[in-house]
Amino acid sequence: MIDLRSDTVTKPTPGMREAMANAEVGDDVFGEDPTVNALEARLAALFGHEAGLFCPSGTQTNQIAINVHTRPGDEVICEDGAHIYRYEGGGTMATSGCSVKFVPADRGRFTAADVEAAINATDAAYLARTRLVVVENTNNRGGGSIWDLTEVQRIRSMCQRHGLALHLDGARIFNAMAADGRTPLEWGAPFDSISICLSKGLGAPVGSVLVGSAEFIRQARRVRKRLGGGMRQAGILAAAGMYALDHHVARLRYDHTKAKLLADALQQVHAVENVLPVQTNIVVFTLANVLRASELLGKLREEGVLGSEFGTFTVRMVTHMDLNEAEMEQAIAAVQKIGER
Ligand SMILES: *Cc1c(COP(=O)(O)O)cnc(C)c1O
């Protein structure tokens, strides 16, 4: 099967497995796993933050961040496609007791002015206290769209003026940097906290790291434990993350090239009405309403190609390191074959 459902489907390479097998470990709940400590310190330093926290998933790093930044009854500002709202099991509401307010967005990206207009007046006792803004870069439902750092810097200043915290859901921040050429220090600076996934394009089997100030991470560590995320000899997993940072960052641009090839081919397919501009490794396209996404995906499966349904007529395909050129060509040929019928 040529699996374009997500960049989470990659399997650890032999080199990564070897690094995992050879990892130095200790009990991380006691803070004694040297590989976990090294990974946390490495990502924190890379993004210019004081400390890091290794967690089982990006959902957990996001939810911990929301929990530390807010109190029950507070409001979180994001856009309506945000992972923290749609794909985290209602965690923002259930785990932290927060309401969510959406701001208008262009493929997942909003402006400082739109956020500012959405902030509740602090002197109105009947309104929820606006407390946190969450940016997702790259933006998943926006088709892997990348944010403009300048606008994020404006959001930062605006948040500072209003006493709001700013969190980055950076599940695919390395894809964003592969596309925009910015450095981790540049992307790290505007945010109070960042969630970074190792299990997406970077190809690790498990793991995300949350970075922030030393005090923020101290509190985050308690919330991780409360949520059941305290792992023991987790260095086995952190070693995969270290290996990914050493070996799988520079290659992300190939995933972007593969996504662009796919998007270019899709533009020519009769049944495809619209393809969102491709900036990274995600391709989101809408079908003309003669063919439902579920029908297309069913037929593609018969051709050995998998994608995700993103709406009745919308499909998402994601490129990753376990797809070679021949497989991409095969996938493109399958879409062409079905889409032209
Ligand atoms: C995948 C993803 C996450 C984290 O998901 P997990 O599967 O819990 O690691 C967070 N945000 C975005 C935008 C994602 O795509």
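Just so we're clear, the structure is a prediction, and the values are computed from it rather than from any experiment.

Scoring rules and cut-offs
Residues numbered from 1 in each chain as written. Predicted model: local features only at pLDDT ≥ 70, side-chain atom pairs only at ≥ 80, totals over all residues. Heavy atoms only, no water. Domains from an automatic or database assignment. Contact = heavy atoms within 4.5 Å. Buried area = accessible area lost by both parts, 1.4 Å probe. Salt bridge = Lys/Arg side-chain N within 4 Å of Asp/Glu carboxyl O. Polar contact = N/O pair within 3.5 Å; in protein donor to acceptor, adjacent residues only side chain to side chain. Helix = DSSP H or I, 4+ residues; strand = E, 2+ residues; numbered from the N terminus. Nonpolar A, V, L, I, M, F, W, Y, C, P; charged D, E, K, R; others polar. Pairing = 2+ DSSP bridges. Axes fitted to C-alpha atoms, helices over the stretch in contact; angles between N-to-C directions. Core = buried A, V, L, I, M, F, W, Y, C linked by side-chain atoms within 4.5 Å. Buried < 20%, exposed > 50% of the residue type's maximum accessible area, 1.4 Å probe, protein only. Lys, Arg positive; Asp, Glu negative; His and termini not counted. Parallel < 35°, antiparallel > 145°, perpendicular 65-115°, else oblique. Left-handed = near helix turned anticlockwise from the far one by under 90°.

Colleague: For the domain arrangement of the protein chain, give the residues involved together with the corresponding values.
Modeller: Here the domain parsing of the protein chain yields domain 1 (11-247) and domain 2 (251-339). Counting from both sides, the interface comprises 22 residues of domain 1 and, opposite them, 14 residues of domain 2. Together, the buried faces of domain 1 and domain 2 total about 1,600 Å²; carbon and sulfur atoms form 53% of this surface. Taken together, domain 1 and domain 2 are joined by zero salt bridges. Linking domain 1 to domain 2 there are six residue pairs in polar contact (both at pLDDT 80 or more). Examining the composition of the side of domain 1 that touches domain 2, we find that four residues originate from one element, helix H8 (residues 173-180), more than from any other. The class makeup of the residues in the side of domain 1 that touches domain 2 is six nonpolar, eleven polar and five charged.

Colleague: Before we move on, could you go through the environment of Asp-255 and cite the residues and values that matter?
Modeller: Within the secondary structure layout, Asp-255 lies in helix H12 (residues 252-267). Apart from residues lying up to four places away in sequence, Asp-255 is in contact with Thr-280, Asn-281, Thr-319, His-320 and Met-321.

Colleague: Tell me about the sheet that holds strand E8 (residues 208-212), and please be specific about residues and values.
Modeller: Ordered by their spatial adjacency, seven strands build an open sheet running E2-E8-E7-E6-E5-E3-E4, and the pairing between neighbours is mixed. The open sheet has two edge strands, strand E2 (51-55) and strand E4 (99-102), and neither has a second partner. Each strand axis lies, on average, 20 degrees off the axis of its neighbour in the sheet, ignoring direction. As paired strands, strand E7 (residues 193-197) and E8 are joined by five bridges and run antiparallel to one another. Bridging across to E8, Ile-194 finds its partner in Val-211. Along the sheet, helix H10 (residues 214-226) contacts E2, E7 and E8; its crossing angle with E2, the most-contacted strand, is approximately 20 degrees.

Colleague: Could you give me a rundown of the nonpolar core, with the residues and numbers involved?
Modeller: In this structure, Leu-43 and Phe-174 are the most contacted members of the largest nonpolar core, which totals 49 residues. With six residues, the top contributor of residues to this core is helix H11 (residues 235-247). When near neighbours in sequence (up to four residues on either side) are disregarded, Leu-43 contacts Phe-174, Ile-196, Leu-198, Val-209, Val-211 and Leu-245.

Colleague: An account of the side chain of Arg-316 is requested, with residue identities and associated values reported.
Modeller: Counting through the fold element by element, Arg-316 comes out in strand E13 (residues 314-318). No salt bridge is formed by the buried Arg-316; the nearest opposite charge belongs to Asp-7, separated by 5.9 Å. At a separation of 2.8 Å, a polar atom in the side chain of Arg-316 contacts the main-chain carbonyl oxygen of Arg-5. Among the polar contacts made by the side chain of Arg-316, one reaches the side chain of Asn-140 at a distance of 2.7 Å. Setting aside anything within four residues of it in sequence, one finds Arg-316 in contact with Leu-4, Arg-5, Ser-6, Asn-140, Arg-172, Ile-282, Val-283, Val-284, Gly-307, Ser-308 and Phe-310.

Colleague: Pulling in residues and values, what's your account of the sheet that holds strand E12 (residues 308-311)?
Modeller: Hydrogen bonds along the backbone pair up the strands of a sheet, which may run parallel or antiparallel. Pairing in this open sheet of four strands is antiparallel, and the strands run E9-E10-E13-E12 from one edge to the other. Edge positions in the sheet fall to strand E9 (272-275) and E12, since each of these pairs with one other strand and no more. Taken pair by pair, the neighbouring strands of this sheet meet at an average axis angle of 35 degrees, ignoring direction. With respect to the sheet, H12 is in contact with E9, strand E10 (282-287) and E13, its orientation differing from that of E10 by roughly 15 degrees.

Colleague: Now, about the packing of H12 against helix H14 (residues 325-340): what can you tell me, with residues and values included?
Modeller: Running from N to C, H12 and H14 cross one another at 20 degrees; their axes reach a closest spacing of 10 Å. If you check the angle between H12 and H14, you find them roughly parallel. Relative to H14, H12 is oriented so that their crossing is right-handed. Together, Lys-258, Leu-261, Leu-262, Ala-265 and Leu-266 of H12 and Met-328, Ile-332, Val-335 and Gln-336 of H14 make up the contact between the two elements. Here the residues of the contact of H12 with H14 are counted per class, giving seven nonpolar, one polar and one charged.

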